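What follows is each chain in one-letter form.
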Amino acid sequence: MKVVLPDRSELELPDEATGLDAARAIGPKLAEQAVLMRANGSTRDLRLPLEDGDEIQILTTRDARDPDALYVLRHSTAHLLAEAVRRLHPGVKIAIGPPIENGFYYDFDFPVPIGEGELEAIEAEIRREIAEGREWTREESSREEARERFLAASEPYKVELVDTAEGAISLYTQGDFTDLCRGPHLQNAGPIKAVKLTGLAGAYWRGDEKNTQLTRIYGTAFYSQADLEEHLERLEQARARDHRRLGVELDLFHLDDISPGSPFWHPKGTVIWNELEDLRRRENARRGYVEVKTPLIYEQRLWERSGHWEKFREHMFLIPEGDRFYSIKPMNCPGHMWLFASRLRSYRELPLRYAEAAPLHRNELAGALHGLTRVRHVTQDDAHIFCSRDQIEDEIFGCLDYATYLYELFRLGSRFELSTRPENKLGSDEEWDFTEGALRSALDRRGLAYAVNDGDGAFYGPKIDLHMTDALGRSWQMGTIQLDSQTPGRLGCSYVSADNHEETPYVIHRALFGSFERFIGILVEHYGGAFPFWLAPVQVRLIPVGEGHRHAVHDLRDRISEAGFRVAVDERDETLSKRIRDAELEKVPFVVVYGDRESDESLAVREHGGSQSTRSLDELVAEFQARIATI
Ligand SMILES: [Zn+2]
Ligand SMILES: [Zn+2]
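A quick note: this is a predicted structure, and the numbers were derived from the prediction, not measured.

For the structure shown, the criterion picks out one cavity of 30 Å³ or more. Size it by volume and the largest cavity reaches roughly 60 Å³. Around the largest cavity sit Leu426, Gly427, Glu431, Trp432, Thr435, Tyr460, Gly461, Pro462, Leu483, Asp484, Ser485 and Gln486, which together line it. Contributions of two or more residues to the lining of the largest cavity are made by helix H14 (429-445) and strand S27 (475-484). Per-element tally for the lining of the largest cavity: the top contributor is H14, with three residues. Counted by class, the lining of the largest cavity contains five nonpolar, five polar and two charged residues.

Structure below.
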């Protein structure tokens, strides 16, 4: 048989040859360093046989940053963790242990619960296993055999997994530990050069709170110690930038159990909010959107017609009245469509772009709430574009162009994902061919690369999800652009076409920040609290050196304020150096210290994280104006 290598050359191999055999045929060094193969685009265990015509790629320890290579390393380390825990804690029952983003975990049922303090000993035992050497062997087993084996080992969770496993059963063994596992795994533990157990958490068996609560041990592993250290450094940075912590330190917002998931915005946080709101309004106007205001509370029958009553009711806050309910709106769409449908429209009115950033409420479980990134009170930068079939592509193009503008403004990297027809789709395949094609053409025309998630679209239409990458390289799902061919009809939207037919418009649902709450949370972390000048809650802080300078500083404040900038005076009874340090900690973009030597012609200016200079008031104001002119 022949297999195809990444450089398109062919490799002749005996029948039944495995990935490892292929690696050996290429070179002994490669075989020794091999950790995994990709065959026809998917990962596969090196021990599995190849088939004629397979396109293969052998990954080695040199692919230390490849996500698949890291995945197999971490999965293998999870097995070492289970082996170590069983040795150190006899009587423990093991559940499941998959690799995850940035690491792995394993769930255990301990006879006596353990604490964080015990992780060090477990980590040391894993290192001992690696030093001693571990090889993985793979075997296939019948269901009955595997069942007997785990019953004999008193591993009830594994027995249950065998009973519910689909397809063939495979087992992997290293040392004296055998696990039920689909693989793939490393050949041996040699490539695992760095391991760290990172924490403990409770987790229900199979994620169901009616089941036993297990102990989840988290960890991570790398092909080098340097990579682990870099990872820990990034985690530390992320902790330092955590928006929940910075939000309090910078006096932006806080959360309170009196209204879970609904932030209290302090004056400084509200400044940031309003700057984003001004940006939204200005860009919407420039791009042909019109603003509307629709009710917050609606009678049950609206939700019945829109389909939310059936599909989304448990996430809605309901208000009983008589034997019916009103609901606080969890989204703007039905209100906008009801407004559109309030009279018969003409094709001349299309495209009609309704924008509204109303407060929405979604009854998220209290346990799922997280800072500003998962809230109950959510304010989308929402819009609904009513358009005809032949306007779809241009309108999607316009949304993509708008999104790209925003992400560049905030210096966020962006990534686009197109989701196509799901199994429960409404509408014909011809219709989906057309709508998916329109979204693809818009992406291509705007010159955007994108990934495709087959089958992930909503039942009413395809969508494009917008992901952004922050300063720490983390990816966040933000906005979304969704085409809807179903809901407008359900809510009675129609227009008279050029040839005098009554037609149902398409609607594009789109939010580009996603929500104000989540977007501000991400911006706090992205900038580490050091907001660009135009977004900073306080843009300039003035510090009078002594009492005698207060009068001149108040005068200065009034003039900077009149020029349209946010300025504050720090005349607290603190030392000069303390006041300068506090302004530095609060990351105020400009600080002006005013003493005997200063005048409007000669101001001592310190820029956050930058230089000190002497400038006149006019020069300083000109600099501020230049800063905001670029947005
Ligand atoms: Zn495994
Ligand atoms: Zn919508």
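After that view, the rundown keeps rolling.
A few words now on the coordination of the zinc ion (ligand 2). Around the zinc ion (ligand 2), the protein contributes the donor atoms Cys333 (SG), His384 (NE2) and His509 (ND1), which lie 2.0 to 2.3 Å from the metal centre. In primary sequence terms, the donor set of the zinc ion (ligand 2) follows C-x50-H-x124-H. Here His509 lies in strand S30 (residues 506-515) and His384 lies in strand S23 (residues 377-387), a separation of 125 residues in the sequence. The buried category is assigned to His384, whose relative accessible area is 1%.

Before going further, it helps to spend a moment on the sheet that holds strand S29 (residues 502-503). The sheet built from three strands is open, its strands ordered S20-S28-S29 with mixed pairing. Edge positions in the sheet fall to strand S20 (345-346) and S29, since each has one partner strand and no second. Looking at chain direction, strand S28 (residues 495-496) and S29 are connected through two bridges and run antiparallel. For Tyr495, the partnering residue across the bridge sits in S29 and is Glu503.

Take helix H1 (residues 19-26) next. What H1 keeps buried is the set Gly19, Leu20, Ala22 and Ala23. Each buried residue of H1 sits inside an arc of 160° when the element is viewed along its axis, so together they form one side. Tucked inside the fold, the buried residues of H1 contact strand S2 (10-12), helix H2 (28-33), strand S3 (34-39) and strand S5 (56-60).

Secondary-structure assignment places Arg280 in helix H9 (residues 267-286). Note on Arg280: relative accessible area 4%, which makes it buried. Apart from the residues within four sequence positions on either side, Arg280 is in contact with Glu291, Ala355, Glu356, Ala357, Asp381, Tyr402 and Phe516.

On to the layout of surface pockets. Taken as a whole, the largest pocket encloses approximately 1100 Å³ of empty space. Forming the boundary of the largest pocket are 37 residues, of which Phe312, Met331, Arg362, Gln380 and Gln482 lie nearest the centre. For the lining of the largest pocket, the secondary structure elements donating two or more residues are helix H11 (308-311), S23, strand S26 (463-469), S27, helix H15 (487-490) and S30. Ranked by residues supplied to the lining of the largest pocket, first place goes to S27 with six residues. For the lining of the largest pocket, the residue count by class is eleven nonpolar, 15 polar and eleven charged. Each pocket or cavity is described by its volume, and for the second largest pocket that value is around 940 Å³. Looking at the second largest pocket, it is lined by 26 residues, and the ones nearest its centre are Asn102, His231, Leu235, Ala238 and Arg474. Of all the elements in the fold, those that place two or more residues in the lining of the second largest pocket are strand S8 (103-109), strand S12 (194-204), strand S13 (213-222), helix H7 (225-240), helix H8 (243-249) and S27.

Rules of the game
Residues numbered from 1 in each chain as written. Chains lettered and ligands numbered in written order. Predicted model: local features only at pLDDT ≥ 70, side-chain atom pairs only at ≥ 80, totals over all residues. Heavy atoms only, no water. 1 Å grid on protein atoms, 1.4 Å probe; cavity = no way out; pocket = protein on both sides within 12 Å on 5 of 7 lines; lining within 4 Å. Points joined across faces, edges and corners; volume = space filled by probe spheres on them. Helix = DSSP H or I, 4+ residues; strand = E, 2+ residues; numbered from the N terminus. Nonpolar A, V, L, I, M, F, W, Y, C, P; charged D, E, K, R; others polar. Donors = N, O, S within 2.8 Å, 3.2 Å for Na, K, Ca; no water. Buried < 20%, exposed > 50% of the residue type's maximum accessible area, 1.4 Å probe, protein only. Pairing = 2+ DSSP bridges. Arc of directions from axis to C-beta. Contact = heavy atoms within 4.5 Å.

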